[in-house]
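Geometric and topological summary
Listed below, chain by chain, are the residues.
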2 protein chains.
Amino acid sequence: MLTSRFVLRGVTLASALIVSTQAAGQSGTARRAQAQPQLQPATYRPEFGTMWTFDAPPIDYWRRTYGFAPDQKWLDHVRLAAVRLPNCSASFVSSRGLVMTNHHCGRECTAASSPPDSNYIETGFAARTLADEKKCAGLYVDQLQSIQNVTDRVRGAITGRTAAEQSAQRSAVISQIQTECNQQTKLNCQVVSLYNGGIYSVYRYRRFNDIRLVMAPEGSIAFFGGDPDNFTYPRYDLDLTLLRVYENGQPYTPSDYLRWSPAGAVEDELVFVVGNPGSTGRLNTIAQMEYLRDVGYPASLAAYKRALVIYDTLTRRDTSAARRYQNDVFGIANSQKAVTGYRAGLLDTLSMAKKRAFEQEFRARIAADPKLQAQYGATWDEIARAQRELASFSPQLRYRGFGGASTLLQLGAGLVRVASESGKPDSARLTQYRGAGLDNIRNQLTQPIPIDTAFERLAIAAQLRAAQAELPANDPFIRAALGGRTPDAVAADLVRNTRVGDPAFRQSLLQGGTTAISASTDPLIVWARAVDPLNREVTARATALNATIAANSEKIGQALFAAYGTALPPDATFTLRISDGVVKSFPSNGTIAPYKTTFYGLYGRSAAFDNKDPFKLPERWVQRKNNLNLATPYNFVSTNDIIGGNSGSPVINKNAEVVGLVFDSNIEGISNRFIFSSAVGRTVSVHSSGIVEALRKMYDGARIADELTGR
Amino acid sequence: MLTSRFVLRGVTLASALIVSTQAAGQSGTARRAQAQPQLQPATYRPEFGTMWTFDAPPIDYWRRTYGFAPDQKWLDHVRLAAVRLPNCSASFVSSRGLVMTNHHCGRECTAASSPPDSNYIETGFAARTLADEKKCAGLYVDQLQSIQNVTDRVRGAITGRTAAEQSAQRSAVISQIQTECNQQTKLNCQVVSLYNGGIYSVYRYRRFNDIRLVMAPEGSIAFFGGDPDNFTYPRYDLDLTLLRVYENGQPYTPSDYLRWSPAGAVEDELVFVVGNPGSTGRLNTIAQMEYLRDVGYPASLAAYKRALVIYDTLTRRDTSAARRYQNDVFGIANSQKAVTGYRAGLLDTLSMAKKRAFEQEFRARIAADPKLQAQYGATWDEIARAQRELASFSPQLRYRGFGGASTLLQLGAGLVRVASESGKPDSARLTQYRGAGLDNIRNQLTQPIPIDTAFERLAIAAQLRAAQAELPANDPFIRAALGGRTPDAVAADLVRNTRVGDPAFRQSLLQGGTTAISASTDPLIVWARAVDPLNREVTARATALNATIAANSEKIGQALFAAYGTALPPDATFTLRISDGVVKSFPSNGTIAPYKTTFYGLYGRSAAFDNKDPFKLPERWVQRKNNLNLATPYNFVSTNDIIGGNSGSPVINKNAEVVGLVFDSNIEGISNRFIFSSAVGRTVSVHSSGIVEALRKMYDGARIADELTGR
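This write-up is about the structure you can find in this document. (Residues numbered from 1 in each chain as written. Chains lettered and ligands numbered in written order. Predicted model: local features only at pLDDT ≥ 70, side-chain atom pairs only at ≥ 80, totals over all residues. Heavy atoms only, no water.)

Regarding the relation of the copies chain B and chain A
Selection criterion: Alignment of the copies relies on least squares applied to C-alpha atoms, considering only residues that score at least 70 for pLDDT in both.
With an RMSD of 0.2 Å, the fit of chain B onto chain A corresponds to turning through 179° and sliding 0.1 Å along the axis. Within this description, the copies of the chain are treated as partners about a two-fold rotation axis.

Structure representation (structure tokens):
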């Protein structure tokens, strides 16, 4: 699946936040012409990928490349058929409001809809009648009605001199645009910043709130192969949830929905993925990429490794722990796989050489125009300087604090910091503690949180040992955190003697405020008091540098748009995009990975692992095997450009018919985060034929299959 | 399959030649003690692999590692059950003389046994009765009866001062030992040099000459997945031929044959591969490995690439050419895959660091003993010096001559050289032209050989262009070969105007001798006359350097044996070895490659490629699919140490029962040529259960299956 527990899901949510706090009055075609006249015509650079916005579809590029140029009607139809879930993509796939998305995108509803004595995640579910369809509390679906460019209005409102003034003005105008739009249109309006602020657009959504569960297979077939197979191909997953949108208690009849392709995806066919990619970093400068490659990602990978060693130690001590920690271990292993993939893209010398060549050309284009050069010429160097400074105290930033995997350290740090930040004026607080943030953190600290003391001891000791190895011996953090003792001794003392694990104790400290914190003799509070100012110092310094990078990144985005216009698609922002691609096998493992898999392959992979978890088939799939046409296409790959957030996107052909359902990327595709390449990176989808075959033969779902296929 | 058309098969044959021209009087246990008393006990180094000889089985290592220590009876039984074909391995697998080997090992017999109107390679064959079994003309099977160490006798006979004298004496004493042994024992005796001459052993074989074909499946199922899947896993090949040994017109009843395991290979099981690995380079010094990594293999890879570009150009011109050149292209692609794999092992910094550490320890062991140091201390540096010198004129050696893919250039060169070498005394000739070599070459030159003129023009031009790019402009070869013209012009002229393609013309030149060659105005003969002395100069220089390397390599082998004894297995020599390993999955492609595949997987891979060649199933496998239990294990992987020549080796369990049939290595295993690692490299075998299931359900082979399983 695309949104793995740790990294990708995190990315999607984070990008969703960025979208809602940023902002964008012209149409897409106006944008296209806006800033380019004085420059040489810009041509498409494949390394920027193909996440096109619907107000600037690259019709010429498509015509040139595929001999296909969809008209506005086609584009409007596809846009309206595609919908967005809170953290996934989806689409209308029937005249009566069926919505198709991934299994993991509907997981909460599927679990919550289960009867008391059973769990649909384990048993699967297919509603026999409309009346059986289960309401998904809290779930909603957004349909993009229109896009309006509001860049001039946003820019016009930003008149302040300081970054803080500008930021406040930007937030205010975006908020104003959204409120006005909501009131005028009765739609859900969101201002989206594209090209890091190169343009601002208001996206207007119609929101549907009555969503019901129609069908979800067993988790074990939806996520067949589990974490080992995650991000890989060949693949055999029925990663599907079917929902239905209701209106006034009746199935909604959408004006636009995607018809079902009779054949499904076929080899070498042009296909489009329509969905909401979460976040990419293709506008990053070389300096930013090098920082991630050489500092940021290696640090993350080292932290994953430390965590895995801890789980391994615990499991060796107690074999029953293996089961208890299994999900955590798999989650970390998956994050490790993802970050290793991101970094692989940055370690690829050919890709980086392309990126470097692009940056030179880009800077030359800017330098060729004195006005642009005055505005943007210095940005690259400013980012590089800030990244260098961040790198210079990266170990201090990582270790002088409350990081690592320990829950206790985080709780202790939170208690001390809430006390110290509360006393400051809002603007002087650390970012997270401003406004409503403080109350959120206070609230979180009073919740009951289970403490695994065996894990805590190892996690604190591992964190302190790593700090000892990477920081100079005279670093004030080492002195404050260890006080001459060993990491193991400190960890043992803190875990054994602190009461911070007790929610009532935390409540009393929060109520007592600064006085209570200052007077506390709890060893963890004493420890956190000593570490807090050191942490605050590096955190504040990093925050300032990151603000510099963010401000300059925004300029880079503006410069990019000024120099290249919409010839290059903007970075992903969890908003609707259309990506072109081709159904295509790829070289893998010394041979060819086929463009599709079949149910034969599913049974083959299960049998090859002696039907052991996570390759164990649901009982239904064992019992009813002979019902299936085993040669039916099941999963397939294409060269479309996707990332977390695209989960659940429909794959459509030139007739705008569904040929598949996106659910993952292969491992080679993970490195597309910063530099796109279709050489070996692939989008992995459930084949439309496999969906219908499974519905009919496994889930007694003729009612649903007939509806999908328009019978 | 292991013996791919180009590289591996070549390796096997070459190593067979080496074996027959080299040579070794004590038992294995005596060997074990021979040279070690004064040194610290040597321990096993995994990077040397596990190709153990039967006279020095590592019983202690096996007991320590697996808790299994086979007795001499077990070892003798297994040795006698294993047999050798001219270029493959095999084994007795029934009481009535059935012999199991790979499909490609029996290919010639299978093709030759076909009726006039049909081809068993295409249709498959299974003899219904004994009377139906087809005689394989010329095929023989060798069974290893005994091994005797003859090192002292060989060494004692070598008294000469010069390398030439020593070489002649060595050949003479080996020949003498073999002849005596043949006469005394009526067996087929071969003196084998192990550890590059560290020890010499006489291997005594019983030869069986009446071999008949019992069963061979269709080539398309034996080699399912074709060249793309070659050297890879997961895999789905029934790479099987069953032969029968006859004696006096009746099935031979061997004293020792391998029983069939009821279960076949299971996960994590200890298994042994018993067979004849062709050639490894694990005793190579770092200098030799670096030369291959940095000079030799890159040159080979560049040549493959040039050849592929030529075929690509021809195919673009004429699409019907694609079919014509398909086999050549696949063959080169496979060589490319193999050499890329060999080189990958040398590019692996961790493996090379291990090898470097070993070489340091090895040299320190030698240096610690003044006598050994005097004998062997200088060898590493002498090899390094020779490799450096070879590298210094590597482009001249490659281009000043008749290399490349052009048949015409090779014919022209041969004609000129036969004339020039014939005039010299035998000892002054280039090695290939000495003794019977000259007549062989003369004979080859008179054979009719098809000339593809379109290919020739491109091949000659490509070779000359590459020479132009890599040699200095004033290189005498460039001046002689181009004479100021372009490579394309030279190639066009030679191909258009030469008569060398005509066998009668070649015959007349050979008959005319030096006079005819000197007087010829044929442009290719003129060209070859100009190039010949330049080529001769670099060839002679390289020959001398390679002789230095060979002489010092022999010393390295002797030193290794002196320092480590049989704690490390010798390099492969196409003689019988027993390798230990475990049936084991491995990390691959971001996930896990399962320890086995099943018939489900076979049908899955075929369906995923829409049953297109080379994933097309034989008609029988389509028609009779429902007969099969699709969950039957089909192929599997283990950590045994194999290489070309091991094709057809049985995989056996602790009870010496057949659990599988070796036919390939995965792509990760190719890099084991120089440095063995079982991290991801695997041996790929047909599972014994898959063989029986296929015989019974697909080939009406109950007669054969019953015989195998002892029913």
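Quick word on the interface of chain B and chain A
Keep this limit in mind: The contact rule is simple, with two residues in contact once any of their heavy atoms fall within 4.5 Å. Buried area: the sum, over both parts, of the accessible surface (1.4 Å probe) that disappears when the two are put together. Salt bridge, as used here: a side-chain nitrogen of Lys or Arg that lies within 4 Å of a carboxyl oxygen of Asp or Glu. Each polar contact in these results corresponds to two N or O atoms within 3.5 Å; when the atoms are within protein, one needs to be able to donate a hydrogen and the other to accept it, and residues that are neighboring in sequence are counted only if both atoms are side-chain atoms.
Taken together, the contact between chain B and chain A spans 31 residues of the former and 31 residues of the latter. Of the roughly 2300 Å² buried where chain B meets chain A, counting both sides, 55% is carbon and sulfur surface. When residues of chain B are sorted by the area they lose upon contact with chain A, Asn 589, Tyr 600 and Ala 608 of chain B head the list and together hold 26% of the total. Applying the counting rule to chain B against chain A returns 4 salt bridges. Between Glu 267 of chain B and Lys 612 of chain A there is a salt bridge whose closest N-O contact spans 3.6 Å. Connecting chain B to chain A are 18 residue pairs in polar contact (both at pLDDT 80 or more).

Overview of the pairing of strand 22 (residues 683-687) of chain B
In regular strands, side chains alternate between the two faces of the sheet. All names here are of chain B. Our working rule: Categorising residues by exposure relies on relative accessible area from a 1.4 Å probe, with only protein chains included: less than 20% of the type maximum marks a residue as buried, more than 50% marks it as exposed, and the intermediate range marks it as partly exposed. Under the scheme used here, helices are H or I runs from DSSP no shorter than 4 residues and strands are E runs no shorter than 2 residues, and both carry numbers assigned from the N terminus. When DSSP locates at least two bridges between a pair of strands, those strands are taken to pair.
A large share of strand 22 lies buried, amounting to 5 of its 5 residues. When strand 19 (residues 633-638) meets strand 22, the two strands line up antiparallel, connected through 4 bridges. The residue of strand 22 that forms the bridge with Ser 638 is Thr 683. As paired elements, strand 21 (residues 657-665) and strand 22 share 5 bridges and run antiparallel to each other. Note on strand 22: the bridge partner recorded for Val 662 is Ser 685.

A few points about the pairing of strand 10 (residues 210-216) of chain A
Residues and elements named next belong to chain A. The buried count for strand 10 comes to 7 of 7 residues, which makes it a mostly enclosed element. By the bridge criterion, 2 bridges tie strand 5 (residues 125-126) to strand 10 in an arrangement that is antiparallel. If you follow Ala 126 over to strand 10, its bridge partner there is Met 215. Sheet topology note: the strand 6 (residues 134-135)/strand 10 ladder contains 2 bridges and is antiparallel. By the bridge assignment for strand 10, Lys 134 is matched with Leu 213. As paired elements, strand 10 and strand 11 (residues 241-247) share 5 bridges and run antiparallel to each other. Paired with Met 215 across the bridge in strand 11 is Leu 242.

Re the packing of aromatic side chains
Each aromatic ring pair is characterised by the separation of its centres together with the angle its planes make. All names here are of chain A. Using the following cut-off: The pairing test for Phe, Tyr and Trp rings, Trp by its six-membered ring, is centres within 6.5 Å, and the orientation test on the planes gives stacked under 30 degrees, edge-to-face over 60, and tilted for anything in between.
According to the stated counting rule, one finds 60 aromatic pairs over all chains in the structure shown. Geometrically, the ring pair formed by Phe 92 and Phe 208 is edge-to-face, given 6.0 Å between the ring centres and 90° between the ring planes. With Phe 92 in strand 3 (residues 89-92) and Phe 208 in strand 9 (residues 199-208), this residue pair connects regions lying 116 residues apart in the sequence. Aromatic side chains Phe 362 and Tyr 564 sit 5.6 Å apart centroid to centroid with 70° between the ring planes, which places their arrangement in the edge-to-face category. Of this pair, Phe 362 sits in helix 13 (residues 349-367) while Tyr 564 sits in helix 23 (residues 523-564); the two residues are 202 residues apart in sequence, bridging distant segments of the chain. Judged on exposure class, the residue Phe 362 and its partner Tyr 564 are both buried.

Brief notes about the state of the cysteines
Residues and elements named next belong to chain A. To keep it simple, the criterion reads: For the purposes of this analysis, a disulfide is any pair of cysteine sulfur atoms at a distance within 2.5 Å.
This structure, assessed with the given rule, holds 6 disulfides over all chains. Two residues share a disulfide in this structure: Cys 88 and Cys 105, whose sulfurs sit 2.1 Å from each other. The sign of the S-S torsion, about -80°, decides the handedness of the disulfide formed by Cys 88 and Cys 105: left-handed. Highlighted residues: Cys 88 in the loop between strand 2 (82-84) and strand 3 and Cys 105 in the loop between strand 4 (98-101) and helix 5 (107-112), separated in sequence by 17 residues. Each member of the pair, Cys 88 as well as Cys 105, carries the same accessibility label: buried.

Spatial relationships are all this shows, so hold off on functional conclusions.
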